[in-house]
There are 2 protein chains.
Amino acid sequence: MKKILLLFTLALSITGVQAQDSLMLRKLYDEALVNGKCYENLRYLCKSIGPRLSGSAGAQKAVEWSKMLMDSYGFDKVYLQEVMVPHWVRGKKEEGYIIDGNNKIPVAITALGMSVATPKEGITANVIEVKSLKELDSLGEDVIKGKIVFFNRPFDPRFIETGQAYGTAGDQRFMGPPAAAKYGAVGVIVRSLTESIDNYPHTGTTAYDAAGKNIPAAAISTIAANTLSSMLKLRKLPLIKFYFKQNCQLLPDAKSYNVVGEITGTQNPNKFITVGGHLDSWDLAEGAHDDGTGVMQSVEVLRIFKAIGYRPKNSIRAVFFMNEENGHKGGTKYAELAAQNKEEHIAAIETDEGGFTPRGFSFQGVSGSFLKELNKSWKHLFEPYEADRLVAGGGGTDIGPLKETIPSVVLIGYRPDSQRYFDIHHTPNDVFENVNKRELELGAATIAGLVYLIDQHNLSF
Amino acid sequence: MKKILLLFTLALSITGVQAQDSLMLRKLYDEALVNGKCYENLRYLCKSIGPRLSGSAGAQKAVEWSKMLMDSYGFDKVYLQEVMVPHWVRGKKEEGYIIDGNNKIPVAITALGMSVATPKEGITANVIEVKSLKELDSLGEDVIKGKIVFFNRPFDPRFIETGQAYGTAGDQRFMGPPAAAKYGAVGVIVRSLTESIDNYPHTGTTAYDAAGKNIPAAAISTIAANTLSSMLKLRKLPLIKFYFKQNCQLLPDAKSYNVVGEITGTQNPNKFITVGGHLDSWDLAEGAHDDGTGVMQSVEVLRIFKAIGYRPKNSIRAVFFMNEENGHKGGTKYAELAAQNKEEHIAAIETDEGGFTPRGFSFQGVSGSFLKELNKSWKHLFEPYEADRLVAGGGGTDIGPLKETIPSVVLIGYRPDSQRYFDIHHTPNDVFENVNKRELELGAATIAGLVYLIDQHNLSF
């Protein structure tokens, strides 16, 4: 009888905890949806600051404003972490032409980040189209030498999550240029990493070999890529050539900062749950979805906790990482300092997949039984918000290094709906107008919900 | 031993069926994502035909083109169902002003569908702001008579599904005008049914009383509604007045059509699974999400089946209903004819909540045990596509009448992500450019998946 009573009491108290968690999540969502600040903060970041590539004046302005914003919220600590970052500049807008005999057909191109410039007069050469690094290898130096290599493998539309299509096509942009250089190519043109057929070239970083040979590399819009590919297939004489000119350069490393805000834990001030995105953005637009939404959601999590009067047991940090796009120096620095300061990190959550409707989270390197227990315990809490996919998967670029210095940390990636992301990713279209207020706010609330649950119950599945 | 063997064989065959279902769903999604036609079809409907309110030349053009499109796909039957529909026209663009002493502040308004016109000179009157029909009742004729009633209850942002916010605010638009007329109001202005703070008035139908008194009613943009409300609060003398003029009229009913395409069932030609959306749209834009996406997804389901060579056991119909927006005459006619022709209907699926990323389906009036079994059997099949929310809920306006004439039918609503819908719903912003290709295609594939499963396994949960 005693045992039954005990079980009954236990059951009641479990039910009580669950009811409390459920009520708290509702509170977090209400605060985000009724009094949310992340949309207006994002408007300022996009419209009054704008592009903020590492080392740029925009990046510095963004750092200063972000610190001011966090200060204004009255967090327990707000500070900068100094970090040296690559300083790449695009220079004058690129030019590109398909040369068909006497005709020059202008095409939309943009230099890949970290690429070198062409000579001042540009590069003109025959083009060899390839679909993969493997195909490049099979052709070898005899075919490649002196040519412009055109990587043209499109996104595979069959992936449901577009990030997977990006993942499987992305080797062309990152590894393509040095691979082509090895065979004596004079330049590289890469089909933009998107399924969308449009006329925006998508920039993004490419591998830069400080010791080796670097050749100029540019992204070309999908419409122009299709045109170039069609014209190459005609194989009429004289053969199609391609011309491009770009003026980018890599300046000496610049001083910059991660921006960190913290609510100190009441019970475990030296145990941390980190939520972060990256403050830097490509230079072509406003870095709205990449990753203005992520940083504004991160700080919103802390603002929501303060607004509803939630005092976390553990220390909660919002981190605006610098230099995710072309170097990852901010993430690396954060991990170094965490180890130096002997911080214990329970979890780090990264939001860098756009400010779209939440679907859930991916947990990096966790066991099957962890995932099973996690879902048993918490999935139902996120179900009313349709954000309950708790799956295995990557954490993110900026939090990755933390696992190296503090192996006990659990890395978690916030997963919004992925369908629209690569339509605008790294293009002039990544602007505030393409962010939906409710989608952004729901994301902030969802992340706040997970941080709350981890803070209350840890991650001991 | 025999029993164990039997169980074993049964288990194997169940596994076999599930594997086959899973493979078939993958095929449907691949066809939609790789060879999908709904996006280009939608482009034509939006850009070459455009607005298509019941009775308009656009609606007639849309009927003719839709039939041609279905004919081109070589379905087993393609035909029109004649139906008489209300023929309301907006006339010259509306004008509205807040009158503050000698100042006239122009505001964005649009006549509600089925509303009457103002007198030629417009209406000028004092304004009484109310938040609900109940508040209107509490004020009564003494306060209301001779005034313009301004319904200004905003969307409740706390609803996760925006359709619920629409549902709870919508009585103001539909029932507000006749309720105000009863108390002697001279006109009605309704806050646009959206959470978005913008300057687009959202039209939509209001109740028209053929026998009773009708007063002119218009929607006002949320920005203008906030302005008007703020100015009313000042209560300075002379009191704020409102002026508006609209030129709409209700013409005699017009002849129009539902458009029906059918793949006839190999086993049960007289048993039907209907998939439909509505072909008519409001006159202010292109009816892209409302409901061009729905009709184009419906016909895509049949196209996908033909493309992959799937021959259904039961007859599958794509129905483009006419007149969902201001009369529901097409849906009513379809239900009448189904009964007349003694058709057996297994299920009817409506897609009329926009062409956004799929989340799942809502099943109308089904039991808890039905839902439980349904989820046990099919949820996992939709999980890889993140479209696996199979919940209780409404079917839709156009398929509703079918339940009256054929009570055994199961009504099902297709549920896409709801966050962006009411930003553009019934406004000039409901254009093709606001539809994402992949989101639209994933929706078509998801609906095709459900139709396939119903066709194979029925709905006997």
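Scroll up a little and you will see the structure.
Just so it is clear, the model here is predicted, and its values are computed rather than measured. (Residues numbered from 1 in each chain as written. Chains lettered and ligands numbered in written order. Predicted model: local features only at pLDDT ≥ 70, side-chain atom pairs only at ≥ 80, totals over all residues. Heavy atoms only, no water.)

1. What about the relation of the copies chain A and chain B?
Point 1. Superposition record for chain A on chain B: RMSD 0.0 Å, screw rotation 180°, translation along axis 0.0 Å. The relationship between the two copies is best expressed as a two-fold rotation axis.
Point 2. By residue overlap, the copies meet face to face through one surface: 100% of the interface positions of chain A are interface positions in chain B. (Least-squares fit on C-alpha atoms with pLDDT ≥ 70 in both. Contact = heavy atoms within 4.5 Å.)

2. Looking at the layout of surface pockets
Gaps between atoms show up when a probe of the same size as a water molecule is rolled over them.
Residue and element names in this part refer to chain B.
Point 1. Size it by volume and the second largest pocket reaches roughly 1100 Å³.
Point 2. Contributing to the lining of the second largest pocket are 47 residues, with Y166, R173, E324, H328 and T397 lying nearest its centre.
Point 3. Secondary-structure elements contributing two or more residues to the lining of the second largest pocket are helix 5 (162-169), helix 6 (171-182), strand 10 (249-263), strand 16 (410-416) and helix 12 (421-424).
Point 4. Looking at the lining of the second largest pocket element by element, the count peaks at five residues for helix 5.
Point 5. Considering only residue class, the lining of the second largest pocket consists of 15 nonpolar, 21 polar and 11 charged.
Point 6. Residue assignment places the lining of the second largest pocket across two domains, with domain 1 (26-87 + 252-457) and domain 2 (94-248) each supplying three or more. (1 Å grid on protein atoms, 1.4 Å probe; cavity = no way out; pocket = protein on both sides within 12 Å on 5 of 7 lines; lining within 4 Å. Points joined across faces, edges and corners; volume = space filled by probe spheres on them. Helix = DSSP H or I, 4+ residues; strand = E, 2+ residues; numbered from the N terminus. Nonpolar A, V, L, I, M, F, W, Y, C, P; charged D, E, K, R; others polar. Domains from an automatic or database assignment.)

3. Details of helix 14 (residues 437-457) of chain A
Residues and elements named next belong to chain A.
Point 1. Over its 21 residues, helix 14 runs 30 Å from end to end, which matches the ideal 30 Å to within 8%, given 1.5 Å per residue.
Point 2. The buried fraction of helix 14 is high, at 18 of 21 residues.
Point 3. Two or three places before R438, at the opening of helix 14, N436 has a side-chain oxygen 3.0 Å from that residue's backbone nitrogen. (Expected span 1.5 Å × (residues − 1). Buried < 20%, exposed > 50% of the residue type's maximum accessible area, 1.4 Å probe, protein only. Polar contact = N/O pair within 3.5 Å; in protein donor to acceptor, adjacent residues only side chain to side chain.)

4. Re empty space enclosed by the protein
Point 1. The final tally for this structure, using the stated rule, is seven cavities of 30 Å³ or more.
Point 2. Each pocket or cavity is described by its volume, and for the largest cavity that value is around 100 Å³.
Point 3. Around the largest cavity, the lining comprises 13 residues; the ones closest to its centre are E386 of chain A together with I160, R359, D417 and Q419 of chain B.
Point 4. Across the lining of the largest cavity, the residue classes break down as five nonpolar, three polar and five charged.

5. Things to note about the sheet that holds strand 16 of chain B
Residue and element names in this part refer to chain B.
Point 1. If you walk across this open sheet you meet the eight strands as 1-10-12-11-13-16-14-15, and the pairing is mixed. This sheet does not close on itself; its edge strands, each paired only once, are strand 1 (77-89) and strand 15 (389-392). Looking at each pair of strands side by side, their axes are set apart by 25° on average, direction ignored.
Point 2. Note that strand 11 (residues 268-278) and strand 12 (residues 314-321) share eight bridges and pair parallel. Considered in strand 12, the bridge of V275 is made with A318.
Point 3. Lying on the sheet, helix 8 (residues 288-308) is in contact with strand 10, strand 11, strand 12 and strand 16; it crosses strand 12 at an angle near 155°.
Point 4. Sheet contacts for helix 10 (residues 368-382): strand 14 (358-363) and strand 15; angle to strand 15, the most-contacted strand, approximately 160°. (Pairing = 2+ DSSP bridges. Axes fitted to C-alpha atoms, helices over the stretch in contact; angles between N-to-C directions.)

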